[in-house]
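What follows is each chain in one-letter form.
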Amino acid sequence: MAEQQTDPSVGRESNAAVLSAYDDHMMPIWKSLDVPVKRASGCTLEDFEGNEYLDVFSGISVVNVGHGNDAVVDAAKDQLDEFVHGCSYVHPNEPVADLAERIAEVTPGDLQKSFFCNSGTEAVEGAVKLARKYTGSKEVIALEMGFHGRTLGSLALTGNKAYKKGMAPTLNDVAHTAPPYGYRCPRCDGDQCDADCAEELERIIGSHTSGDLAAVVVEPVMGEAGIIVPPAGWLERVQEIAHDHGALLIADEVQTGYGRTGELFASSHFDVEPDILTQAKGIANGLPLGAFTASAEVADAFESGDHLSTFGGNPVACAAALATIDELQDGIVDNASQQGAWLESELQTLEDEYDVVGQTRGLGLMHGVELVDPSETGPQNVAPKPDKDLASAVSEYLREESNVVMGVGGYYKNVMRFQPPLTISRDQLERAVDELEAALETVA
Ligand SMILES: Cc1ncc(COP(=O)(O)O)c(C=O)c1O
């Protein structure tokens, strides 16, 4: 047996002590943000040496109503005092009943019945099972560059080999169609990307499936791909094509849901009512919870025993989710929408002024800044070459010099991500934009 290196009863007093335990006893994982967190409040993270950081990333777009939100913390504590676990599928309980009812009220269209699980990837896989059960078909189409999780089922839908290296084979019967990535659209050369680009889906159904299509799975705004907002009419056309082939539209709102885009759900920005809607991340402000929600007609395709999760619908997480929705509806979604409109115009100014800023785009408080090398053409010759080295240098500068934590993402790893807690104030957002500009001035 390995010798015990540290006494776990003694608090760690430095960032290095935490990182060294990670190195020794955690599986080697992605940790590029390098800011160990001792405590957090609102939009502020504090490390083990008392340094404070402005959090513009929300733990990958999760703490939508702010770190340590009092109402959420109190709701969770109250439920902890009542009981923690009884398995919500064998012991019906009030937090689950209340949350299911509430989700039916706040989701778009006539989505009425939910299944609760623990994470986004489970929500996506459960939604695909339900679509298969309802349609009686098997095949699934997702978007190239899309992200839906890392367990083997959702990994099959994830359209990016970076997440799949060494992990294949995944689920069979998944094909991918082109994403609505206007800036680098191979179909229309960028500028004119519109609803017609969705026609690619017909070609993929015709050439890459047997026609036995159960679902098309789409993020209404693509998160990990680089904050990609589809052009007007695109998502609507995707749903029409899916329905023409007897398939359901699964809107994966794991990242876009719960106020992130300035609406409670991003589907509401478009003229679509998803057939199944997946949720996780912001749903309980950081407590582990996922869900997928469908109309009664679709949901009732599941029969007893078709699906279950021991921890799914944990009462503490559900109580936190109910408080999160209250908080969101009490002005926080409105704040996301207002601050997001301001952010959009500020980022547009950066795009106009800096030729390394290829494109800025987003909705609400989900915005991306795509960094490029203007001296070279990109992979499809429609936009300059993505500059992932610049993005990682900017992120490091922000962390080291400005105490700002900003995510980097995108299929080409060259997109700076503004996804702060939706409670962020104008002053804090202004600071993040100013510091990004300072980083571009210094590093670019
Ligand atoms: C759109 C989308 N779907 C699914 C997932 C997977 O969620 P989780 O990490 O909770 O499994 C993510 C995570 O980033 C996501 O952004």
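Structure report, in brief. (Residues numbered from 1 in each chain as written. Predicted model: local features only at pLDDT ≥ 70, side-chain atom pairs only at ≥ 80, totals over all residues. Heavy atoms only, no water.)

Each helix and strand in the protein was counted, giving 12 helices and 16 strands. For a compact globule of 444 residues, the expected C-alpha radius of gyration is about 22 Å, and the protein comes in at 22 Å, within 12% of that figure. A total accessible area of about 19200 Å² is found for the protein, and carbon and sulfur atoms account for 47% of it. For the protein, the distance from the average site of its 29 positive side-chain charges to the average site of its 73 negative ones is 7 Å. (Helix = DSSP H or I, 4+ residues; strand = E, 2+ residues; numbered from the N terminus. Rg over C-alpha atoms; globule rule 2.2 N^0.38 Å. Areas by Shrake-Rupley, 256 points an atom, 1.4 Å probe, with all protein chains shown as cover. Lys, Arg positive; Asp, Glu negative; His and termini not counted. Charge placed at Lys NZ, Arg CZ, Asp CG, Glu CD.)

Topologically, Gly 146 is positioned in the loop between strand S5 (139–143) and helix H6 (152–157). Sequence separation between Gly 146 and Gly 305 is 159 residues; the distance between their C-alpha atoms is 31 Å.

Okay, the side chain of Gln 255 next. Here Gln 255 is to be found in the loop between strand S8 (248–252) and strand S9 (276–279). Within the structure, Gln 255 has its side chain in polar contact with the side chain of Gln 419 (distance 3.0 Å). Those residues within four positions of Gln 255 in sequence are excluded, and the remaining contacts are Ser 61, Gly 223, Glu 224, Arg 260, Lys 281, Met 366, Arg 417 and Gln 419. (Polar contact = N/O pair within 3.5 Å; in protein donor to acceptor, adjacent residues only side chain to side chain. Contact = heavy atoms within 4.5 Å.)

Bringing the pairing of strand S12 (residues 366–377) into the picture now. Judged from the 6 bridges that link them, strand S11 (residues 357–363) and S12 form a sheet pairing that is antiparallel. The partner of Thr 360 across the bridge, within S12, is Val 369. Relative to strand S13 (residues 384–386), S12 runs antiparallel, the two sharing 3 bridges. Its bridge partner lying in S13, Thr 377 is registered against Pro 384. (Pairing = 2+ DSSP bridges.)

The subject of this paragraph is the pattern of salt bridges. This model, assessed by the stated rule, comprises 13 salt bridges. Between Arg 361 and Glu 370 there is a salt bridge; the shortest N-O distance is 2.9 Å. Taken individually, Arg 361 and Glu 370 each receive the classification buried, so the pair is uniform in this respect. In the salt-bridge network here, residues are joined through shared partners; they are Arg 102, Glu 105 and Asp 326. (Salt bridge = Lys/Arg side-chain N within 4 Å of Asp/Glu carboxyl O. Buried < 20%, exposed > 50% of the residue type's maximum accessible area, 1.4 Å probe, protein only.)

A few words on the pairing of strand S7 (residues 213–218). Of all 6 residues that make up S7, 6 are buried, and the element is covered over most of its length. Relative to S7, S5 runs parallel, the two sharing 3 bridges. The partner of Glu 139 across the bridge, within S7, is Leu 213. Pairing of S7 with S8, which is carried by 4 bridges, proceeds in the parallel orientation. The residue bridging Val 218 from the neighbouring strand is Ala 251, located in S8.

Take the nonpolar core next. Counting residues in each nonpolar core, the largest one holds 58 residues, and the members touching the most others are Phe 418 and Leu 436. Listed by contribution, the elements that provide at least two residues to this core are helix H3 (70–82), helix H4 (94–106), strand S4 (111–117), helix H10 (315–353), S12, helix H11 (388–402), strand S16 (415–418) and helix H12 (426–443). Two domains each donate at least three residues to this core, and these are domain 1 (15–68 + 331–443) and domain 2 (70–328). Beyond its immediate stretch of four places on either side in the chain, Leu 436 contacts Leu 350, Val 369, Val 394, Leu 398, Met 406, Met 416 and Phe 418. Met 145, Ile 205, Leu 249 and Val 372 belong to the second largest nonpolar core, which has 32 residues in total. (Core = buried A, V, L, I, M, F, W, Y, C linked by side-chain atoms within 4.5 Å. Domains from an automatic or database assignment.)

Further remarks concern the site of the ligand. The local shell around the ligand consists of Ser 119, Gly 120, Thr 121, Phe 147, His 148, Gly 149, Glu 219, Glu 224, Asp 252, Val 254, Gln 255 and Lys 281. Within the side chain of Gln 255, a nitrogen or oxygen atom sits 2.7 Å from an oxygen atom of the ligand. The contact in question runs from an oxygen atom of the ligand to an N or O atom on the side chain of Lys 281, over 3.2 Å. Its free accessible area being 390 Å², the ligand has 82% of it covered by the protein chains. (Near = heavy atom within 4 Å.)

Here we take up the sheet that holds strand S1 (residues 39–41). Read across the sheet, 4 strands follow the order S1-S2-S3-S14 without closing on themselves; strand pairing throughout is mixed. At either margin of the open sheet sits one strand with a lone partner, and together these are S1 and strand S14 (404–405). As paired elements, strand S2 (residues 44–46) and strand S3 (residues 52–55) share 3 bridges and run antiparallel to each other. In the sheet register, Glu 46 faces S3, and the bridge partner there is Glu 52.

The tally for this structure, following the rule as stated, stands at 6 aromatic pairs. Ring geometry for Tyr 258 and Phe 265: centres 5.0 Å apart, planes at 75°, overall edge-to-face. With respect to class, Tyr 258 is no different from Phe 265; both count as buried. Here the aromatic cluster, defined as three or more aromatic residues joined through ring pairs, consists of Tyr 89, Phe 115, Phe 292 and Phe 302. (Phe/Tyr/Trp six-rings, centres within 6.5 Å; stacked < 30°, edge-to-face > 60°.)

For the rest of this paragraph, the subject is unusual backbone geometry. Cis rather than trans, the peptide bond between Ala 168 and Pro 169 has omega equal to 0°. For Pro 169, the location among the structural elements is in the loop between H6 and strand S6 (174–177). A positive phi angle, close to 60°, is found at Cys 87, a residue other than glycine. Classification of Cys 87 as buried rests on a relative accessible area of 10%.

Here we take up a nonpolar patch on the surface. On the surface, a cluster of nonpolar side chains totalling about 430 Å² of accessible area is made up of Tyr 22, Met 26, Met 27 and Ile 29. With respect to the helices and strands, the residue Tyr 22 is situated in helix H1 (residues 15–25). The class of Tyr 22 is partly exposed, set by a relative accessible area of 35%. (Patch = residues over 30% accessible without salt bridge, like charges linked within 9 Å, V, L, I, M, F, W, Y side chains within 5 Å.)

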